[in-house]
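Survey of secondary and tertiary structure
Here's the letter readout for the chains.
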Amino acid sequence: MMKVINKACQVLATLCSISALVFFFFNFASLTTNEAGVISVSGLQMGFGSEVIEGTKIAKSADVLFCFLLSVLGVALSVFTFFSKSKGLKYFASGINAAVAIYMLVIALSNPWKFVDTRPFTATGVEYTSFVLIVSLVMFAALIFSVAYFLLDDYIEVLESKGSKKFILKRIAQFFKDYKSECKKIVWPGLKEVLKNTGIVLVMFIIIGAIIWLVDFGLGTLLESIWK
């Protein structure tokens, strides 16, 4: 049963990533322009600066393009998790989903003028459609399912190892516990030792600087005498 739920989370994470990618083909914004009235622009047109009316292309939106390319990468990684057992791939896929979800949420909640490049049109108004926010929400869903997938996958491995392996959350807790114990072993130098070491560094700095200056001065003088 656990393996079925795990596989279902993997499939749902992939489907959410693909859905978010598909939504980029829907209208992301409506522009009110002096040249052509109201123009609907898809996320793909915004990202790649495609033609929105005959003979006229809208300027590229680097932020939307970046999110689209990250979404493509997220879909690719999600698909690869079906063929690879690499845990790094699972973590990376979750990271990509999180990045797109947060970035698109920032875009959706920000003033459209900041992320929609209306050139070469003279726009008097810019409004987002609901698909900008939908992409973010779908990617958050993909993130939730992908995190659930690798947590369940790790839990299944722990059960199959019959106690020889710890659950990932316990391993993280153990890491910080060991880190804290190692920090306690640090011996901080006293004031006299700090002043002594600082003085040594400053003296060596002056000596090395003087040597470099003498070498530079000598070579400069030699070259001047040769060229004269």
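Refer to the structure above for everything that follows.
This section reports on the structure supplied with the text. The written sequence of each chain sets the order in which its residues are numbered from 1. Thresholds applied to this predicted model are a pLDDT of at least 70 for local features of residues and 80 or more for the giving and counting of side-chain atom pairs; totals over whole chains, interfaces and linings are not thresholded and use all residues. Side-chain metrics rest on all non-hydrogen atoms present in the structure, leaving aside hydrogens and water.

Strands here mean DSSP runs of E at least two residues long; helices mean DSSP runs of H or I at least four residues long; both are numbered from the N terminus. If you tally the helices and strands in the protein, you get eight helices and five strands. Scanning the protein from its N terminus toward the C terminus, one meets helices and strands in the order α-β-β-α-β-β-α-α-α-β-α-α-α. Here the radius of gyration uses the C-alpha set of atoms, whereas the globule reference equals 2.2 Å times the residue count to the power 0.38. The C-alpha radius of gyration computed for the protein amounts to 29 Å, which surpasses the reference 17 Å derived for 228 residues by more than 25%, pointing to a less compact arrangement than a globule. With respect to the principal axes defined by its C-alpha atoms, the protein has extents near 70 × 70 × 35 Å. Across the 228 residues in the protein, those meeting the buried criterion constitute 34%. The contact criterion used throughout is that any non-hydrogen atoms of two residues lie within 4.5 Å. Sequence separation of at least 24 residues holds for 60% of the intrachain contacts in the protein that already meet a minimum separation of 6. Note on areas: Shrake-Rupley, 1.4 Å probe, and residue coverage restricted to the protein chains presented here. Total accessible area computed for the protein in this model is approximately 14600 Å², and 71% of it derives from carbon and sulfur atoms. His is not counted, nor are the chain ends; Lys and Arg add positive charge and Asp and Glu add negative charge. Working definition for charges: the position is that of NZ of Lys, CZ of Arg, CG of Asp or CD of Glu. Between the centroid of the 21 positive side chains of the protein and the centroid of its 15 negative side chains there is a distance of 15 Å. Classification of residues uses two cut-offs on accessible area relative to the type maximum, computed with a 1.4 Å probe and protein chains only: under 20% is buried, over 50% is exposed, and between them is partly exposed.

Any two of the Phe, Tyr and Trp rings considered here, Trp counted by its six-membered ring, make a pair once their centres fall within 6.5 Å; the pair's planes then place it as stacked at under 30 degrees, edge-to-face at over 60, or tilted in between. Applying the stated criterion across every chain, the model contains 11 aromatic pairs. Ring geometry for phenylalanine 24 and phenylalanine 28: centres 5.3 Å apart, planes at 35°, overall tilted. Note on accessibility: phenylalanine 24 and phenylalanine 28 belong to one class, buried. Through a chain of ring-to-ring contacts, three or more aromatic side chains come together here, namely Phe24, Phe28, Phe48 and Phe68.

Two side chains with opposite charge may pair up if their charged atoms get near one another. Think of a salt bridge as a Lys or Arg side-chain nitrogen and an Asp or Glu carboxyl oxygen that are within 4 Å of each other. Following the criterion strictly, the structure yields two salt bridges and no others. Between arginine 119 and aspartate 117 there is a salt bridge, with the nearest N and O atoms lying 2.6 Å from each other. In this structure, lysine 185 and glutamate 182 form a salt bridge, with 3.3 Å as the shortest nitrogen-oxygen distance.

Here the expected span of a helix is defined as 1.5 Å times the quantity of residues minus one. Compared with the 33 Å implied by 1.5 Å per residue over 23 residues, the 33 Å span of helix H4 (residues 87–109) between its first and last C-alpha is a close match. Within the sequence span of H4, burial applies to Leu89, Lys90, Ala93, Ser94, Ile96, Asn97, Ala98, Val100, Ala101, Met104, Ile107 and Ala108. Taken together, the buried residues of H4 touch helix H1 (2–23), strand E1 (27–33), helix H3 (62–80), helix H5 (112–115), strand E5 (123–128) and helix H6 (131–160).

As a further point, take the nonpolar core. Nine residue types can take part in a nonpolar core, namely buried Ala, Val, Leu, Ile, Met, Phe, Trp, Tyr and Cys, and a core is a set of them joined through side-chain atoms within 4.5 Å. Phe24, Met104 and Val135 are the most contacted members of the largest nonpolar core, which totals 37 residues. For this core, the secondary-structure elements that each account for two or more residues are H1, E1, strand E2 (37–42), H3, H4, E5 and H6. Looking at this core element by element, the count peaks at eight residues for H4.

Strands qualify as paired when DSSP identifies two bridges or more between them. The antiparallel open sheet is built from three strands, whose spatial order is E2-E1-E5. Each edge of the open sheet is held by one strand with a lone partner, namely E2 and E5. Strand-to-strand twist of the sheet, defined as the mean angle between neighbouring strand axes without regard to direction, takes the value 20°. Looking at chain direction, E1 and E2 are connected through six bridges and run antiparallel. Throughout, an axis means a line fitted to C-alpha atoms (over the contacting stretch in the case of helices), and angles, computed between N-to-C directions, take values from 0 to 180 degrees.

Tracing the chain through its elements places serine 61 in the loop between strand E4 (56–57) and H3. Here serine 61 falls in the buried class, since its relative accessible area comes to 4%. Among residues more than four places away in sequence, those in contact with serine 61 are Met46, Gly47 and Phe115.

With that settled, the discussion passes to the environment of leucine 70. On the secondary structure map, leucine 70 appears in helix H3. As for leucine 70 and valine 100, which are separated by 30 residues in sequence, their C-alpha atoms are 6.6 Å apart.

Don't take any of this as a statement about function, it's just geometry.
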